[in-house]
Structure formats: C-alpha cells, structure tokens
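For reference, the chains in residue letters:
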Amino acid sequence: MVSNTEKHNGRKSRRSLSQDKRNSIAGYLFISPFFILFAIFGLFPMLFSFYLAFFKWNGLGEMTYNGFNNFTIIFNDPVFWKSIYNTVVIGLMGTVPQLIVAFLLAYALNSQVLRFRNTFRVAIFMPYVTSIVAVAILFSIIFNNQSFGLVNSFLGLFGVDPIVFTQSEWGAKIAIAAMIFWRWVGYNTIIFLAGMQSISNDLYEAAKIDGATLSQQLRYITLPMLKPFVLFTVFMGTIGSLQIFTEPLIFFNGNLRVEGITVVAYLYRDAFESNFFGTASATAIVLFAIIMVFSVLNLLITNRLGRGKARKA
Amino acid sequence: MKKVLKAGLVAGGVLALLAGCSGDEGENGNSGDGGSGGGNGTIDMWVFGTTGYEKLADAYMEENPDVEINIQTTEMGDHHNNLFTALSAGQGAPDIAMIEVGEIERYREAQDRFVNLYDLGAEDAQGNYLDWVWNVGGSADGEFQFGLPTDIGPTAMYYRKDVVEEAGYPTDPAELAAEVDTWDKYATFAKEIVDATGKPVVDNAELIFNAKRDQATEHYFNRENELIVEENAEIREAYDYTVDLIQADAVGNMPLWTPEWGQGMAEGSYATLLGPAWMQGVVKGNAPDSEDWMITTMPEGAGNWGGSYLTISEESEMQEEAYAFIEWLVSPENQLESFKDMGLFPSTPSVYEEEEFVNYTDEYFGGINTAAVFAEAAEQVNDVYKGRNYLLVQGEIMTALDNVLSSGGDPDQEWEDAMERIEQRLERE
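Residues numbered from 1 in each chain as written. Chains lettered and ligands numbered in written order. Predicted model: local features only at pLDDT ≥ 70, side-chain atom pairs only at ≥ 80, totals over all residues.

A.B. asks: Before we move on, could you go through the overall build of chain A and cite the residues and values that matter?
C.D. replies: Helices and strands together make up the secondary structure of chain A, namely 13 helices and 2 strands. Relative to its length of 313 residues, chain A is extended, with a C-alpha radius of gyration of 27 Å against a globular reference of 20 Å. Dimensions of chain A, computed from C-alpha atoms along their principal axes, come out at roughly 105 × 75 × 35 Å. By the burial criterion, 29% of the 313 residues in chain A qualify as buried. A sequence separation of at least 24 residues applies to 67% of the contacts in chain A between residues at least 6 apart. (Helix = DSSP H or I, 4+ residues; strand = E, 2+ residues; numbered from the N terminus. Rg over C-alpha atoms; globule rule 2.2 N^0.38 Å. Buried ≥ 20, exposed ≤ 12 C-beta atoms within 10 Å, placed from the backbone. Contact = placed C-beta atoms within 7 Å.)

A.B. asks: Residue-level account of the interface of chain A and chain B, with values.
C.D. replies: Contacts between the two partners involve 25 residues from chain A, matched on the other side by 25 residues from chain B. Sorting the residues of the side of chain A that touches chain B by element identifies α1 (2–52) and α13 (277–312) of chain A as the ones contributing at least two each. Broken down by element, the residue count for the side of chain A that touches chain B peaks at 8 residues, all from α1(A). By residue class, the composition of the side of chain A that touches chain B is 8 nonpolar, 13 polar and 4 charged. (Nonpolar A, V, L, I, M, F, W, Y, C, P; charged D, E, K, R; others polar.)

A.B. asks: So, unusual backbone geometry: which residues are in play, and what are the values?
C.D. replies: Residues and elements named next belong to chain B. Positive phi is not limited to glycine here, since N225 has a value of about 70°. Looking at the secondary structure, you find N225 in the loop between α9 (205–213) and α10 (233–247). The phi angle at D249 is positive, at roughly 60°, despite the residue not being glycine.

A.B. asks: Before we move on, can you summarise the domain arrangement of chain A with the specific residues and values?
C.D. replies: The accessible area lost on association of the parts is a frequent measure of interface size. When its domains are assigned, chain A resolves into domain 1 (2–52) and domain 2 (74–312). Between the C-alpha centres of domain 1 of chain A and domain 2 of chain A there is a distance of 41 Å. (Domains from an automatic or database assignment.)

A.B. asks: If you had to explain the pairing of strand β2 (residues 68–74) of chain B to someone new, which residues and values would you point to?
C.D. replies: Residue and element names in this part refer to chain B. Sheet topology places strand β1 (residues 42–48) next to β2; 7 bridges connect them, and they run parallel. Residue pairing for β2: V47 is matched across the bridge by T73. Crossover handedness for the path β1 to helix α2 (residues 53–63) to β2: right-handed. (Pairing = 2+ DSSP bridges. Right-handed = clockwise from strand over helix to strand, strands pointing away.)

A.B. asks: Hey, could you go over the UniProt feature "transmembrane region" (unreviewed entry) in chain A for me, with residue numbers and the actual values?
C.D. replies: Residues and elements named next belong to chain A. Under the local residue numbering, the UniProt record ascribes the feature "transmembrane region" (unreviewed entry) to residues 25–54, 84–110, 122–143, 174–194, 229–246 and 276–301. From the first C-alpha to the last, residues 25–54 spans 39 Å; its make-up is 93% helix and 0% strand. Across residues 122–143, helical content stands at 86% and strand content at 0%; the span's end C-alpha atoms are separated by 26 Å. (UniProt positions renumbered as here; feature names shortened; annotations may be inferred.)

A.B. asks: Explain the domain arrangement of chain B residue by residue, including any values.
C.D. replies: Residue and element names in this part refer to chain B. What the domain assignment lists for chain B is domain 1 (35–152 + 306–358) and domain 2 (153–304 + 367–426). One C-alpha centre belongs to domain 1, the other to domain 2, and the line joining them spans 30 Å. Listed per partner, the contact involves 18 residues of domain 1 and 23 residues of domain 2. Secondary structure elements with two or more residues in the side of domain 1 that touches domain 2: α5 (131–136) and β7 (304–312). Per-element accounting of the side of domain 1 that touches domain 2 gives the leading share, 3 residues, to α5. When grouped by side-chain class, the residues that make up the side of domain 1 that touches domain 2 number 8 nonpolar, 5 polar and 5 charged.

A.B. asks: Hey, could you go over the environment of T283(A) for me, with residue numbers and the actual values?
C.D. replies: All names here are of chain A. Assignment of secondary structure puts T283 in helix α13. For the pair formed by T283 and N70, sequence separation is 213 residues and the distance between their alpha carbons is 8.6 Å. Filtering out sequence-adjacent residues up to four positions away, T283 remains in contact with I74, V263, Y266, L267 and D270.

A.B. asks: Any details on helix α18 (residues 411–426) of chain B? Residues and values, ideally.
C.D. replies: All names here are of chain B. An ideal rise of 1.5 Å per residue puts 22 Å on 16 residues; α18 measures up with 22 Å between its terminal C-alpha atoms. Regarding α18, the residues found buried are E414, W415, A418, R421, I422 and R425. Buried positions in α18, seen along its axis, are confined to an arc of 125° and lie on one side of it. Residues of α18 that are exposed and point over 90 degrees away from its buried face: D412, Q413 and E420. Residues of α18 that are buried make contact with α10 and α17 (390–407). (Expected span 1.5 Å × (residues − 1). Arc of directions from axis to C-beta.)

A.B. asks: I'd like a description of the nonpolar core, backed by residues and values.
C.D. replies: Of all hydrophobic cores here, the largest spans 117 residues; its most connected members are V201(B), I208(B), I326(B) and F374(B). Taken together, domain 1 (35–152 + 306–358) and domain 2 (153–304 + 367–426) of chain B each give at least three residues to this core, which thus spans both. Residue contacts for V201(B): discarding those within four places in its chain leaves F189(B), A190(B), I193(B), V194(B), L245(B), A250(B), Y270(B), A271(B) and T272(B). Grouped together as the second largest cluster of nonpolar side chains are 50 residues, I90(A), A106(A), L256(A) and A265(A) included. (Core = buried A, V, L, I, M, F, W, Y, C linked by C-beta atoms within 7 Å.)

Pasting the structure below:
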C-alpha cells in the first residue's frame, strides 16, 4: 500500500518533471526568435567589432593584424580628443538646460490652473516622434550660414554680422545642442509629469495646512519625491548624448568639421566614408568603455540613494 | 495530455517557423546564385539615377529572345553601399553593376571580385572610347579593366551674359573664350567683374579649385598609390590660385546644392559656373526663366566630373552574356540614343561626328550647340590616376579652403594643417 503510493507519487513526479521540461522547451522556443535575431544582428556585430579593433581592414581586401596600433593612432589624433570634448560639451549644452526646462514644463502641465492640459501635453511630446532627419534639416535652415538664415536675420536686426554656423566653434555646438534640446525636452517633460502625478496630494495638503509656500512645496516635496525620475532622465540623457550622431552629420551636410564632430560621427567617418574599419572599431570600443564608466556610476549612485531612502523610512 | 499536445504543437510550429526562416534564406541564396548563376538565364543589373537603360534592354531582349535582363534602379548612395556590402560578403552581387567614377576608386581593392573585361574581349571595344575615360576604369598598371564607360561629365564654363556684359566683356561664347583663354586672364576678368558688379566670379571655392586641379597631370596619389599631394606643385598652385581669388573677394560663399546656390543661379549672383555637361539640367531647373546663361570653353583645358562604368562580378555565371549586353549597351550607336533620350554625354568620340550631334542646339543656352562645347572639352581631359583615398584628401583641402573663405584663416597655415590631417588619417589604411 505504502509502496504503491510511493510508486504512484514517484511516477507522478517523474511525469510532471518531464512535463516541466517540455514546458520549458516550449518556452525557450517561444522566445528564441528574438535571441536568434539578436545573435545575428546584435551580438555578432558587437563581438566582431571587438575583434576588428585589432586589425586593419577596408571592407574588401585582406584583414591584417595590427595589434594595439589602431588605438595608438586614434589616441594620437587631436581630432579624436576634440570629438570627445565636443560630445561632452554638446551633451551638457543639450541636456542640462533641457532637464531644467522639462521640469518647469512638467510642473506647469501638472498644475490645476492650466486649461487644455492634454493638448499641451501632446504638443510638447510631438518633437520626440518627429523624424530626426526632418528636425536636422529644419534646424540647418534656422541656423543657416547666410544672412537670410532665421537666426542670422534676427541677429541682423541688432546689427550683428551673420555667423557662419558650420565653421564657428560655438555656433556649430549651439545649433546641434538646440536640435537635441528641442527633440528630447518633451520626452523628459512627460517622464517628470508622470513622476509628479505619482506624488500623493495628501503631502501637499498637509504642507498647505502647515503654511508652506509654493516654492517651499516645490523644494521640500516635489523635488525629493522626483529623485528617481531625475536620476533616470539624467542617465538616459548622458548615455544618449554620448551617442549623438545624426544631428552633426546632417547639420554639416556630410562634411564633418572639427567644430561639431562627435565620437560616433568620428567613427562613422572612418568606417563608412574612408572604409578604415579597424580604427572605427577601436573608437567604438573606447566609446563602449566610456559608456560603461557612466553606467557603473549610475548604478552606484542609484544604489546609495535607494539605501538612504530605506534607512530614512 | 492536452497540455503536452499543445506544447508539442506550439514547439513544432516554432520549429517549422525557424525552419521556414532558414529555408527561405537558403532559397534566397539559391535564387541569388541562380540570378547571377544563370540557371534561369536572367542577367541581373544594378543601376542608379535616370539612365533610360530599360528601354535599350527591352530592345536588346527583342533581338535576343533567349536573354532575360532584369534592371534594378536604386538611389546612388544606397546603390553603392549595397554593392559594397555584397562584394564584401562575397555573395549577392548582381551580374552587372554600374559604378560611379568617384566611387570606383574604393572598389580597386576588390579587383578579384570583378571580371577582367580584357578576358572577355574588351580590347576590341577599347578604341571606341576616349583614352582617359577608358583608363579610369582600369587598374593602375592598365592590365585589368573593371568596366566599360557609360557617360562622362566634361567641364566647361557656364556664364551669365548680364553679369559679364556689365563688366564690359563680350557675351558671345567664342569671343569671351578668346578673351579669357588663360587662368591669368581669368584672374583679371575676376577682378573686373568684382569691381564692376560687386558680384563674385564663381559660386564657391570648390568648383574653381576643381577646375584648376583637373588640369593637373597628377593629383593626390601617384600610380604606386603613394601620397604626393604635398610635393605636387600643380595642386599647390590650384590652391594658391583659389586663395588669391578668395582674397580678391571674387569667390562666393554658396556651397554646392544649398538653397542659396540654386537661388544664386536664378538671380545671377555670380558670373561663371565651372561645371560639367550634366549641370545643364541643374541650371535649367534652378533658373527656368533665365535667358542669360551661356556656355563656353574654360581657360586652358577641361576636367571631368561624373560618369559611370558597367562592371561584371566574378561570381556571375553569365559573364559572357552579360559582357555581350554591356558592350552593345554602351556602344557608340547606343550612347547616341542615351544622349538623345536622357542627355547622357557620350564617352565615345565617334558620336561627336554624328549628324544629330553636330546639329544639336539648345534654345535655353541662346541656341548654341552646347554638345559641341562639351565634346571639345571631353577631348582635352587629362588622364589622371586618382587612388582609393582621393575623397579623403579632397575633403581636407576643401576644409582648408572653407576656413580661408569664411573664417579668414591663414592660407599657408590652413594648407599645413590639412596636410597634417591627411597624413594622420591615412595612417589608418
């Protein structure tokens, strides 16, 4: 009797094990299309570019081993360092004002006094879904070098000589940063808005009863409660701005000048204009390392913040 | 039991899907091979731009019913990228691919992926074409022929009658060409244009530099593919000549293809445009109502900008059939057809003697025979080897000239900087 039950149980468990196995096989098969496609179009190119960074290759001829030479070449190239400098400066110029404006916009959109809030929300989000190429073309008309360009004709009203934006150290950066600002400000506004709506109204009511002013509410309730959202936007902005590419490419109409060349534009020029795939891959790896550093910083800071919050609670 | 059945069915479905995918890939590969492999007798041909070759291909297929030609037209940039990828991967290239003259340099590395047209009898066709055109489509040592030339873009001097007249120069093409027949005289002409009209003599630095550069016997690399730009006095002279014009305020700041460039064409904001034959269409498009544009020969010779080659890929299994077709397609008779149909300027000088060519006139350009002007130019173009990093060097020199033009850079310093950047970038090769 006992043995019978055991036997029964044993059989059952064996059967359910194989059932589990079958289920998991089915599960893996279900998710496999993504992984197969990712392996072919994502993972393989990534690994291949690590490999390629140690070779000379023009895409058609033989690949020849080049050791760390590709890295030496780019590290000795002033344009490479300039491209890193440009990336950071344009990133800061495009991101910092953007986050501040996005915060203020979100605050305005969240306030109860504003009418047609939904219309405004959609309008502000529109640039994000606009084709980046269209944006860049529009902005290259705004920041046209000639005196009839929008910005130049405005400056002309005050007797300022037309600025040659594509060849001016700050003109090029301002134009590119403006594109990034315009395109991403709506996205970040929506994130901040979502954050603000998740803050309980009770807190504000309690503060009001205690006699807190509007700016005190903003400083002691809204800002601290938004911390995770701010962190998210800051780090997404950082990683995004390290990868700025389309804006300078279209702004310069293909001729990537040092005034606005970014790291990704620099490696694009090597790979797809000159077919120097080795140094382009080496640049990609340096960029990978830089992004890794920022991501680790991101993790550390978020973890510490999370812990701090838990202790307080 | 039901569950197992379901899981089994689903798993089977996924497997079938995957198998379907890979099966498809296999089939595509096969049909690709078949296309170029000739299993079904189809010749695949990739072209860009508006060639009108479909019409000619139809005529060819009517005469040769056993040949099927499938022409695919793609935008120029995509076309060359697709071809590059196919050649790099070693599979998927069409039987016949058109390659633009500026792009052909970077395919030199992949000589083994093309058929040497000399092996298919190209020697017999060689005499039909201008020597310089033929040589650009060959290897540096001339042993290997990549392609048969299609059209070309010999350059001449477009000019505005109204602007030239204001400065007291003749508006008749022959008279103006006689008066401005050297670059020294062109510089004087430039100064007088600026003094009389306040307008620049050329639209931008690029075209005047290119015009001078194209008259040099060697450019940036020699046939051993060594960088010679720094020692090449002819190129430095072209640079200095451009700088002198810039400093005399005779060079406009209207970069090619920008809206202001097209507008300048319509308004006549500069005196001359040193452009190729196909620029006629661009001028007409930008200044449809203008009656002032004229064409004459450029001082001291001519250059070439544009044109293409028809190549046959090594992986093609219909090489002989493909060659027979392209030899026919770009023969003098059919180049005359393409000229009449699409305005493609012939690379075969015998066409220049044809009646339809000799009697050609263009009402837009004052009823003159524009074709004759460009035919004369075509025979003056220098046979120059460009080399695979040609565009890199050209780009850096343009940057230097841009800096002199717009930011008041010191010309000698800019030249030095450009040379340094060129060397830095060429280390990567």
